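Summary of the model geometry
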Amino acid sequence: MATVMDFEKPIIDIQNKIDELKKLSEDSGLDLEEQIQSFEQQAENKKKELYSTLKPSQKLQIARHSERPKFLDYVNLMCEDFIELHGDREGMDDRAIIGGLAKFSGKPVMIIGIQKGKSTKENLEYNFGMPQPQGYRKALRLFKHANKFNMPIITLIDTPGAYPGIKAEETGQGAAIAMNLREMSKLNVPVISVITGEGCSGGALGLAVSNSVMMLEHAYYTVISPEGCASILWRDAAMYAEAAEALKITSQDLLKLGIIDEEIPEPLGGAHNDYNETASSMKKAIKKELDKLCKMSSEELRKQRYDKFRKMGKFILSE
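What counts, and where the lines are drawn
- Residues numbered from 1 in each chain as written.
- Predicted model: local features only at pLDDT ≥ 70, side-chain atom pairs only at ≥ 80, totals over all residues.
- Heavy atoms only, no water.
- Helix = DSSP H or I, 4+ residues; strand = E, 2+ residues; numbered from the N terminus.
- Rg over C-alpha atoms; globule rule 2.2 N^0.38 Å.
- Buried < 20%, exposed > 50% of the residue type's maximum accessible area, 1.4 Å probe, protein only.
- Contact = heavy atoms within 4.5 Å.
- Areas by Shrake-Rupley, 256 points an atom, 1.4 Å probe, with all protein chains shown as cover.
- Lys, Arg positive; Asp, Glu negative; His and termini not counted.
- Charge placed at Lys NZ, Arg CZ, Asp CG, Glu CD.
- Core = buried A, V, L, I, M, F, W, Y, C linked by side-chain atoms within 4.5 Å.
- Disulfide = S-S within 2.5 Å.
- Salt bridge = Lys/Arg side-chain N within 4 Å of Asp/Glu carboxyl O.
- Polar contact = N/O pair within 3.5 Å; in protein donor to acceptor, adjacent residues only side chain to side chain.
- 1 Å grid on protein atoms, 1.4 Å probe; cavity = no way out; pocket = protein on both sides within 12 Å on 5 of 7 lines; lining within 4 Å.
- Points joined across faces, edges and corners; volume = space filled by probe spheres on them.
- Nonpolar A, V, L, I, M, F, W, Y, C, P; charged D, E, K, R; others polar.

Topic: the overall build of the protein
Counting its secondary structure elements, the protein contains 14 helices and 8 strands. Computed over C-alpha atoms, the radius of gyration of the protein comes to 21 Å, within 12% of the 20 Å expected from 2.2 N^0.38 for 319 residues, which places it in the range of a compact globule. Projected onto its principal axes, the C-alpha coordinates of the protein cover approximately 70 × 55 × 40 Å. Within the protein, the proportion of its 319 residues that are buried is 47%. Sequence-distant contacts, at least 24 apart, represent 72% of the contacts inside the protein between residues at least 6 apart. About 16400 Å² of surface is accessible on the protein, with carbon and sulfur atoms providing 53% of the total. One way to put it: in the protein the 43 positive side-chain charges average out to a point 8 Å from where the 47 negative ones average out.

So this is what it looks like as structure tokens:
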């Protein structure tokens, strides 16, 4: 059964009426097609109305939807000949971060992303999309491989944050992310990142120091989760909706602020409603940006990436 978000209940109520009318028509033989079409139009109009006026806290629900496409879904829909490359060469293969070689629009690329599961078993395998230090070190190994062989890099990001466990801290979580930030800024090849769902904290940024950062329409990107922010500011995680509003986590807000470069549209109702349409829109946006970036020299790519992040944030000096 599909997961229903609380703000979608008015649409579900109309859909239930449609199902009732269809059953009545089948059982009684009555022609109720006109009434059914009327309710279907009501449902479509209500859906358009709801999704055009979503609050940040509602977008949060969509970004975390259990049926939203995962990294490997996008790889299968956008790329050909994907070959996964395993391990950090220090004894571990963190499954939360997956990457490898692929053909994207006929050209070789390195594609790396954060994977979540679609079941409890898969989520345990992928650690609920929370990478450990070894995952970031694996990603760094693949960045360097792509850099050596002059292949563009694509990263797809969907994480509630880097794994916060004691073992991760003991094995250098902060240092691993910091190393990625430094080394990504020095890459000589085009780097494109897409926030596909959750883009939370340094766990997301560790794969997002890119020439172009894009977001799906209902994804979010933030320095801290709204629940974490609410817990710190108000000592109450239940105030996450207020925190989500203040943090400016949506693609629309971040585009205005210059944090991201492009918003990629999703199907009406969210990416989980149509994997193919979502992947097609994403592929089109990435290809357009990649064609532009591939015309730049290594020096121009490094400078553009550096300037992009240096100009983020504004401050006012007062006497």
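From this point, the narrative continues.
Quick look at the nonpolar core
Counting residues in hydrophobic clusters, the biggest one holds 56 residues, and the most contacted among them are M78, F143, L156, Y221, M282 and I286. Look past the residues within four positions of L156 in its chain and what remains in contact with it is F71, Y74, M78, I111, I112, G113, I114, V194, T196 and M282.

Focus on the state of the cysteines
Taken as a whole and assessed by the stated rule, the structure comprises 0 disulfides. Just so you know, C200 is unpaired, no disulfide at all, and the nearest cysteine sulfur is the one on C229, 10 Å from it. For C229, a relative accessible area of 11% puts it in the buried group.

A closer look at the pattern of salt bridges
Scanning all chains against the criterion turns up 19 salt bridges. With a closest N to O distance of 2.6 Å, E84 and R95 form a salt bridge. On the criterion of sequence distance, the pair formed by E84 in strand β1 (residues 79-84) and R95 in the loop between β1 and β2 (97-104) is long-range, its members being 11 residues apart. On the basis of relative accessibility, which here comes to 19%, the residue R95 falls in the buried class. Residues joined in a network through salt bridges with shared partners are R64, K116, D158, E198 and E227.

Some details on the side chain of D158
Relative to the helices and strands, D158 is located in strand β4 (residues 153-159). A distance of 3.0 Å separates a polar atom in the side chain of D158 from a polar atom in the side chain of K116. At a separation of 2.7 Å, a polar atom in the side chain of D158 contacts the main-chain amide nitrogen of E198.

As for empty space enclosed by the protein
Following the criterion strictly, the structure yields 1 cavity of 30 Å³ or more and no others. Size it by volume and the largest cavity reaches roughly 50 Å³. Around the largest cavity, the lining residues are P69, K70, F71, Y74, I114, Q115, K116, L156, I157, D158 and T196. Sorting the residues of the lining of the largest cavity by element identifies α4 (71-78) and β4 as the ones contributing at least two each. Its residues assigned to classes, the lining of the largest cavity comprises 6 nonpolar, 2 polar and 3 charged.

In short, shape yes, function no, at least from these values alone.
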